[in-house]
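# Structure assessment
Chain by chain, the residues:
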Amino acid sequence: MIVWVNGAFGSGKTTLVDELRARWPEALVFDPEMVGFVLRQIVDVPTGDFQDLRLWRRQVADLAIGLVEEYDRPVLVPMTLVDPGYVGEIFGALKDAGIEVHHFFLKVSRQVLEERIDGRSFTPDDPAQDERVRRWCKDRIAPCVAAADRLPGDTVFLDGESTPRQLADQVLSLVRVGV
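Below: a short report on this structure. Just so you know, these numbers come straight off a predicted model, no measurement behind them.

So, on to unusual backbone geometry. A positive phi angle, near 50°, is found at D72, a position not held by glycine. Note that D72 resides in the loop between α3 (54–71) and β3 (75–78). Residue D72 is classed as exposed on the basis of its relative accessible area, which comes to 70%.

In structure tokens, the structure reads:
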């Protein structure tokens, strides 16, 4: 089983996955961003977004499938994924492999997203880079919010302004995990 936690930058994906992991110890955590960081070390990313690399999408799907098949444990995935083609490509590969996918999207107001992004430090030793990353995240709020209407029909939308504990309760109940 894969539990994919989706939403805009600053919506609380990682925080929710951390809460889920604490309450569901057998679950593995797979952050596809790590695949992107590795690929950036090897190849150019012309658009600046590693999700645009077909290899990233293929590797994310293959690694997620491998984790489920090799370890027979649930996998928690915190990752913004809103391009309908990319969602279809990755989720299609997971479903073709017979993997049960639970897809959650955290809905959060633009104001709260901006406040959360402003409150983060991405690269504390490089304030200029920190600001570039904040701008990049903020520039993607509108596309992420707009994409919510184009996500798969079985996507479960959650109020990302709820507490992590409340959100974890909802997710665990919906995936029928009694922890």
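The next point concerns the packing of aromatic side chains. For the structure on display, the rule yields five aromatic pairs. Ring geometry for W4 and F91: centres 5.2 Å apart, planes at 65°, overall edge-to-face. Within this pair, whereas W4 is found in strand β1 (residues 2–7), its partner F91 is found in helix α4 (residues 84–96), the two being separated by 87 residues in sequence. Exposure remark for F91: the relative accessible area of 5% places this residue in the buried category. Above the face of the Y86 ring, R57 is positioned so that its terminal group lies 4.0 Å from the ring centre. For the cation-ring pair, K107 lies above F157, with the distance from its terminal atom to the ring centre recorded as 5.3 Å.

Formed by 41 residues in total, the largest nonpolar core has its most connected members in I2, W4, W56, I90 and L94. Listed by contribution, the elements that provide at least two residues to this core are β1, α2 (33–42), α3, β3, α4, β4 (101–107), α5 (110–118) and α7 (141–147). Here this core takes seven residues from α3, the largest share from any one element. Grouped together as the second largest cluster of nonpolar side chains are 16 residues, A27, L76, L167 and A168 included.

About the criteria used
Residues numbered from 1 in each chain as written. Predicted model: local features only at pLDDT ≥ 70, side-chain atom pairs only at ≥ 80, totals over all residues. Heavy atoms only, no water. Helix = DSSP H or I, 4+ residues; strand = E, 2+ residues; numbered from the N terminus. Buried < 20%, exposed > 50% of the residue type's maximum accessible area, 1.4 Å probe, protein only. Phe/Tyr/Trp six-rings, centres within 6.5 Å; stacked < 30°, edge-to-face > 60°. Lys NZ or Arg CZ within 6 Å of the ring centre and 35° of its normal. Core = buried A, V, L, I, M, F, W, Y, C linked by side-chain atoms within 4.5 Å.

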